[in-house]
Amino acid sequence: LAVGADWGWLLWLALALALAVAAAVLLVWRWWRRRRRPPQEIVAEPLPSPAAEALALLDELAEDRSADGKQFYFRLSGILRRYLERRFAIPAAEMTLEELLPQVARLPLDGDLAEPLKALCRLAEPIKFADAAADPGRMPVDLAFVRDLVHRTTREKVEEQAQEGSNKV
């Protein structure tokens, strides 16, 4: 019986080399196509000012007649905390009430804003978390207070008041 060399593996080697060359050509072609493509411009819209965002959300809340007291105060508190966070750079959204109240005391707010703000925060907590009943007559008053706070603490308004104060001296 004559035993000769088995050349069947050569066919498999040639097939594997052909596949490797085809994959390399495909990868080079894709790299070359991506390199030639002009970079896509990412157009990001600027964020609205903290006041504009808060006022728009307050308008939505005012129009929503279906919100019960708990939903209303959750949304109002969220709008207020987001505004304070963006306007005064404090992490109000993540703070508990006990953490937030000392921060409010340090904010550059007039006394007629700081104390009612603290009172609103204290009023909203039991309604949001302890299922206390909300006074339907008080809800529009609280909404108007937050709207007034936003109007009175916008950067433009604060700068305008500072200029008026320096002009009087």
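The structure this text deals with has already been given above.
Throughout, a residue's number is its position along its own chain's written sequence, starting from 1. In keeping with the predicted nature of the model, local features appear solely for residues at pLDDT of at least 70, side-chain atom pairs appear and are counted solely at 80 or more, and the whole-chain, interface and lining totals rest on all residues. Values shown for side chains rest on all heavy atoms present in the structure; no hydrogens or waters enter the calculation.

(A) Broad picture of the side chain of Thr-153. Counting through the fold element by element, Thr-153 comes out in the loop between α6 (139–152) and α7 (155–168). Between buried and exposed lies partly exposed: a residue is buried under 20% and exposed over 50% of the maximum accessible area for its type, with that area taken using a 1.4 Å probe on protein chains only. By relative accessible area, Thr-153 is classed as buried at 3%. By the criteria applied, helices consist of DSSP H or I runs no shorter than four residues and strands consist of E runs no shorter than two, each listed in order from the N terminus.

(B) Region of the structure containing empty space enclosed by the protein. Cavities and pockets were defined on a 1 Å grid built over protein atoms only: a cavity is a set of grid points that admits a 1.4 Å probe from which the probe cannot escape, a pocket is an open set flanked by protein on both sides within 12 Å along at least five of seven lines, and lining residues are those with an atom within 4 Å of any such point. Grid points are joined across faces, edges and corners, and a volume is the space filled by probe spheres set on the points. As enumerated under the stated definition, the model contains one cavity of 30 Å³ or more in all. Taken as a whole, the largest cavity spans an internal volume of roughly 60 Å³. Lining the largest cavity we find Tyr-73, Leu-76, Ser-77, Leu-80, Leu-120, Cys-121, Ala-124, Glu-125 and Lys-128. When contributions to the lining of the largest cavity are tallied by element, the ones reaching two or more residues are α3 (69–88) and α5 (111–129). The element contributing the most residues to the lining of the largest cavity is α5, with five residues. For this classification, Asp, Glu, Lys and Arg are treated as charged, while Ala, Val, Leu, Ile, Met, Phe, Trp, Tyr, Cys and Pro are nonpolar and the rest, including Gly, are polar. Partitioned by chemical class, the residues of the lining of the largest cavity number six nonpolar, one polar and two charged.

(C) Quick peek at the layout of surface pockets. Counted as a void, the largest pocket has a volume near 160 Å³. Lining the largest pocket we find Leu-61, Ala-62, Asp-64, Arg-65, Ala-67, Phe-72, Met-139, Pro-140 and Leu-143. Mapped onto the lining of the largest pocket, the elements with two or more residues apiece are α2 (50–63) and α6. For the lining of the largest pocket, the leading source of residues is α6, giving three residues. Across the lining of the largest pocket, the residue classes tally to seven nonpolar, no polar and two charged.

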